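# Structure assessment
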Amino acid sequence: MAGVALGGYIVERSLEIGDRSLLVLLNGLTAAGLYFLMASGFTLVFGLVRVTNLAHGGLYLLGGYTALSLQRMTGNWFIAAGLGAVATAGLSTVLYLVLRRVHGDGLPETMLTLGAAIVMADQALANWGGVPSDLDPPAALRGSIDLPGSILLYPKFRLSVVAMAMLAGLCLWLLLYRTRLGSTIRASVDDRDMVSILGIRVELVFCTVFALAGALAGLAGAAGGTYLSLAQGEDNRILLASLIVVIAGGLGSIGGAAVAAVVIGLVEAFAQTHHAIFSVLITFGTLIAILVLRPHGIFGSQQDERA
Amino acid sequence: MESSVHSKMSARSRALALLAAAAAAIAVVPALVSDFVLLQIAIKSLWLGIAGASLAFLIGQAGLISLAQTAVFGVSGYVMAILVLDHGWGEWFAVAVAAAAGPIAGLIVGVISRRAAGLYLMMLTLAIGVFVFFFAQQYQPITRGHTGFNGFDAPTLFGIDLNDRRPLFYVTAVVAVAVVAGFRYVMATPAGLAYRGLRDNPKRLQALGYSTEATTVSAFAVSGFAAGAGGVISVWYNGAISPGSIDLTRTIELLIVVMIGGTLRIEGAFLGALAVTLLQNYVSDFTNRTETLVGAVFMVVVLVSRQGLTGILLGLGSRAQRALGWVRSRDSTLDRSVTDDSRRSPEHASRTGQHAPSQQQARRLPCETLERDGRGEYSPP
Amino acid sequence: MRNLGAGRSWRILAALAAVVVLAASCGDDDSTADTPSAGTEPVEAPAGATDTDGGTDADDSMEEPSAGDAEASSDDSSDGSASDEGGSSDDAGTAEAIEPITIGAISTLDGPFAALGDFSMHGVKLALLEYGGTLDGDATRDTVTGAEVAGVPIELVIEGSDATPDVAVEATRRMVEQDGANIVIGPLSGDEGLALKDYIREHPDVTLVNGTSASQDLTLRDPSPNVFRFGGDGAMWTFGVGTYAYEELGHRRIATVAEDYSYPYDQVGAVLTEFCALGGTVAERIWVPLGTQDYSSFVAQIPDDVDAVFFAMGGTDAINFVKQYDEFTGQAIPLIAGPTAVDQSVLNELGSRAEGLISSGPVVDDSGLAEFDAFAEYLDDVFPGQTPNIFNVYYYVATRSALQALEEVGGDLSDGSAAFQAALAQQSWTTPIGPVVLDDNRQAVVDMYLRRVTDGAQATIETLPLVNATLGFDRDAYIAQGSFSRDNPSCG
């Protein structure tokens, strides 16, 4: 009943602004794309090692800044973004090497990543300064396309962020479900001890996953640093956004992260358009509502219920 | 039987001794330090510690990692500021309502997150905390938006102006002692046992006929008393409250306070608050990269001891005692009487006792002693 | 096995600690590494020969010992008050024949506005260098030593906030009560300013000279006798834009997009006050919650049929908004900017998208004032690559005004700084951005400029002389209309 009323309200408000609803939809999807790039790595790490990596936002920022510097050197967005992702993959691996020193229940690890996040943010400030800046999109993706029916345009690069996220999602799916490494990762998620008994070097699997997550965060940093901008505080903002997505989707579930990224992205775009002042409240309210109804997120498993 | 009576006796006498020591410290501190230190180090550490104690209680006793304590704290502070500055209430009436708002806000947080646990709880409470922050920032008719409330004067108590630093210090210190005593009292009641049951083994708690949800909610409500008290005093201290007082940075700061202090004992929060306050005030004298140092110190503390400074101090203390040739049994008696849970968690003795420096070992113990779930994980501390 | 694990963890720990020390000293390393270059700069300068540079250089070699002394004594005093009750001022008093005057400067050195904090401190340091000081290093928190006014040594203490009022008050309290600051320069943001006004009111012998806090009520309503502002507020900075849009550009109906807090309220309020008084209307006021990065959904709310869009934002927000507005509309509807949205501190990053944007503000690059050109050159000499912007200019003007007043009273801060504060209130001089004089509330009456972004710099359209705190409206009526807010002024 309430769902129908809500749906009716959304349709009604969307019709009110007519053609611009397409813009709202696209905005939601772009945001979803960026969130998914962040959230997929985050959730993968959590699924495997039960660590809420609060330094994920720091990786985003450092990845973006590294790409910025590289772009200024090479002039090529793809090289810059690629090498930036490699750099954050390395950093993420280092983080894992520190983390594995504390085998706790998640809390000390999380606290370590919190400390790392603070250090990363401050080092970003030390190395790149506080002046906000951004990357130039690659030449092929510069400019905008016309949207029918209004004076508004849509930037090509934003559309390619959506494509990039879908590509990343596809690659992840192939990796997880079509490769030996993938089945090892999934097996490790389900029963880490059993996998290590089978003689597989779980440590190596963990390292790989951390590197992968770091690379995704770095890539997200380059993408976000291009269509938004890089500045102090961005790390926290994006971390918060991806946390929302990961939790709403269900910690550890990549499919959940994808669905939640779209839901949160669309809710955010809709709220910003129709209730600008309270948009943030609506986004967080949605998350709270999801968690109250489903304490483990949309796709979360009951296995995570307190032991 | 007799030994338990004995330990109760020694618990009481030890509590009295501690109380006396605290009273002595409170009496002496204002005479020893400058006005500045009294306010910005001592009073600040105390109210931050009071707020921290509410979180230390949740984490250490009930195993509930909450990031919504800053929000609860903010609700109390805002309620007081709104009632006094916008509605012209008498100061002490407003204080009473604000103090009551703390546990009520805690109750609401608890009800919302009653079914969540572990890291999910952490994230859900984070969402609640951020929600309250944005509410304060955006809902101007009540909260005055981004600017918040300025120029708040602390009330007078029996004709003594609490804007003066010494009286404010005494009042804050008394509240701090009351908060510690209150938490200790709760910990000693059956409810306290239920909280630790929630922490150590919720399934068994449920099997014993307790509702984990009700236990969770009540833990949040109890902690709300302290968070609310901290919120009220913070408004006296700052003379203001704004969204900046309860933002994500402050939430993380509170968590750092508790983790640095250690959750083994409620008092650890005050140790952590003191450490953080000192860092904030004096580190910038030595380095341009304050934040790097704060973050790094935090990482080191977490790496060295899961129980924060309290763990380190207790470890050093027991080492010293052994070096002095004191008997070990005495040491463990003291520990039991203080935390009252060494019997329940076998690793406790090793955490606080002779093995404290090798935390790796202590950390591994729960795997062996606590029931595992299906995936080789053990439950939250 | 276990022992091995423990041993390993200690090794990791040691390694981490080493990394930590390295990282923490990174800033210091930078500064020490760069110090020689800062030191060599003035040495090269005398060839190009400005008086001040020569002076700095000479002082550099001559006053090294006294600078060292001053530093040592300040260390003593802070240690003293940290460990036990020792009054810090007493210590300093016995160590020096003449008690030094301490200036505390506060800006946002952490958080999203950290870059602006750097700019502000450049301004403060420049003023002190003019009084014979030497830079301790290039990092933001490195101070200036050796400055003197009327024979009284001046010490500089630098503190940072993260733009929240609570932290700003704590930082200021540290400067005033622990480091014994007699004069406080700052803060940067509006709400910090209001909080500091309340704090400084309780310390009448300390003087607050505002940096760039643009809140009207720092001086307009309920002023404090020891708070001075030698620059405009948010509304004054936006003076003239509404009139220009209506009369010169022929706009009749506009929309506004701005961050959702008091400083943008003042800017939008000032524009609409003028614009609506002439008969213009506002179609939509869009308020963007602070912390928003993606403006696309807000851009979508701008009606198609308005003549122009006024936007009021700072820093990152301005960059994001202009970029996204450009991408989403191709600037189909012309933009009019708020003062800090196109401040010189962000113009570079805005790039070609900002070209042609009209705004009002205190700093233009082509004013032709000799004072401005000299300041720009001096700034570039000391901090290579820096150009004047609202932050370095305002902090410079504030510090310089304080130092001039100190000079006039011979460094005499007795009697609760009475003479000094009186002299400060009488300061009237030509700053790099034009003449300044204070009104009865110790609020500046200053020139503003209508300006257009041309070739990446701010070019003057028109100078608006002597703008006052009530934008030329009747004082009582202006105050009576209340603080600007989301829907004040109502505009029809």
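It should be emphasised that the depicted structure is a prediction, and the values quoted were computed from it without experimental measurement. (Residues numbered from 1 in each chain as written. Chains lettered and ligands numbered in written order. Predicted model: local features only at pLDDT ≥ 70, side-chain atom pairs only at ≥ 80, totals over all residues. Heavy atoms only, no water.)

### Focus: the overall build of chain C
Going by this rule: By definition, any uninterrupted DSSP run of H or I lasting at least four residues is a helix, any uninterrupted run of E lasting at least two residues is a strand, and each is numbered from the N terminus. The buried label applies to any residue whose accessible area, calculated with a 1.4 Å probe on protein chains only, is under 20% of its type's maximum; exposed applies above 50%, and partly exposed to all values in between. Note on contacts: a residue pair qualifies if any of its non-hydrogen atoms lie within 4.5 Å across the two residues.
Counting secondary structure elements, chain C contains 17 helices and 17 strands. Split into buried and exposed, the 492 residues of chain C put 61% on the buried side. Pairs at least 24 apart in sequence give 68% of the contacts found in chain C among residues at least 6 apart.

### What to know about the sheet that holds strand S5 (residues 152-161) of chain C
All names here are of chain C. Definition in use: Strand pairing follows a simple DSSP-based rule, namely that at least 2 bridges must link the two strands. Only the stretch in contact is used when a helix axis is fitted, and all axes are lines through C-alpha atoms; the angle between N-to-C directions ranges over 0 to 180 degrees.
Pairing within the open sheet is mixed, and its six strands lie in the order S4-S5-S1-S6-S7-S8. Each of the sheet's edge strands pairs with one partner strand only, and the pair in question is strand S4 (147-149) and strand S8 (227-228). Pairing of strand S1 (residues 101-108) with strand S6 (residues 183-185), which is carried by three bridges, proceeds in the parallel orientation. When the sheet's bridge partners are listed, Ala105 is paired in S6 with Ile185. Relative to the sheet, helix H16 (residues 414-425) contacts S6, strand S7 (207-209) and S8, its axis offset from that of S7 by approximately 25°.

### Digging into helix H2 (residues 20-49) of chain A
Residue and element names in this part refer to chain A. Operational definition: Helix span, as expected, comes to 1.5 Å for every residue beyond the first. Two axes define the bend at a residue: one fitted to the seven residues ending there, one fitted to the seven starting there, and the bend is the angle between them.
Along its 30 residues, H2 runs 43 Å from first to last C-alpha, staying within 8% of the 44 Å computed at 1.5 Å per residue. Bending of H2 peaks at approximately 30° at the position of Phe36. In the stretch just after H2, Arg50 is the one whose phi turns positive, near 55°.

### Considering the interface of chain B and chain A
What counts is decided by this rule: Summed over both partners, the accessible area (1.4 Å probe) lost when two parts come together is defined as the buried area. Basic side-chain nitrogens of Lys or Arg form a salt bridge, by our definition, when they fall within 4 Å of a carboxyl oxygen of Asp or Glu.
The interface is formed by 56 residues belonging to chain B together with 54 residues belonging to chain A. Interface area for chain B against chain A, summed over the two sides, is near 5,000 Å², with a carbon-plus-sulfur share of 69%. Run the count over chain B and chain A and you get zero salt bridges. At the level of elements, helix H5 (118-138), helix H9 (202-207), helix H10 (212-238), helix H11 (248-261), helix H13 (290-304) and helix H17 (359-369) of chain B are the ones that each hand at least two residues to the side of chain B that touches chain A.

### A short note on the pattern of salt bridges
According to the stated counting rule, one finds 21 salt bridges over all chains in the structure shown. Here B:Glu213 makes a salt bridge to B:Arg114, at a shortest N to O gap of 3.2 Å. Here B:Glu213 is found in helix H10, whereas its partner B:Arg114 is found in the loop between helix H4 (91-112) and H5, with 99 residues between them in sequence. When its relative accessible area of 31% is taken as the criterion, B:Glu213 is described as partly exposed. Here the salt bridges share partners, and the residues they tie into one network are B:Asp247, B:Arg250 and C:Asp162.

### Side note on the domain arrangement of chain C
Many descriptions give the size of an interface as the accessible area lost when the pieces come together. Residues and elements named next belong to chain C. Put simply, the rule is: Domain delimitation follows an automatic or database domain assignment. Counted as a polar contact is a pair of N or O atoms within 3.5 Å, where, for protein atoms, one must be capable of donating a hydrogen and the other of accepting one, and residues adjacent in sequence contribute only when both atoms are in side chains. Nonpolar residues are Ala, Val, Leu, Ile, Met, Phe, Trp, Tyr, Cys and Pro. Charged residues are Asp, Glu, Lys and Arg, and all others, Gly as well, are polar.
Domain assignment breaks chain C into domain 1 (6-24 + 236-363 + 448-479) and domain 2 (41-82 + 98-232 + 367-443). On the domain 2 side, the residues contacting the 19 residues of domain 1 number 24 residues. The contact between domain 1 and domain 2 buries some 1,800 Å² in all, and 62% of this surface belongs to carbon and sulfur atoms. Connecting domain 1 to domain 2 are zero salt bridges. Here domain 1 is connected to domain 2 by six residue pairs in polar contact (both at pLDDT 80 or more). Those elements that provide at least two residues to the side of domain 1 that touches domain 2 are helix H8 (234-237), helix H10 (262-277), helix H13 (344-350), strand S16 (444-454) and helix H17 (475-480). Looking at the side of domain 1 that touches domain 2 residue by residue, the classes come out as 10 nonpolar, six polar and three charged.

### Re the pairing of strand S14 (residues 428-431) of chain C
All names here are of chain C. Of the strand pairs in this sheet, S14 and strand S15 (residues 434-438) are connected by four bridges, and their pairing is antiparallel. Along S15, the bridge assignment pairs Thr431 with Gly434. Two successive antiparallel strands, S14 and S15, enclose a turn made up of two residues.

### Re the pairing of S5(C)
All names here are of chain C. Counted residue by residue, S5 has nine buried out of 10 residues, so it is predominantly covered. Pairing geometry for S1 and S5, over eight bridges, is parallel. Among the inter-strand pairings, Ala105 is bridged to a residue of S5, identified as Ile158. With three bridges joining them, S4 and S5 adopt antiparallel strand pairing. Looking across to S5, one finds that Val149 is bridged to Val152. Here S4 hands over to S5 after two residues, with Ala150 in that stretch at a positive phi of 50°.

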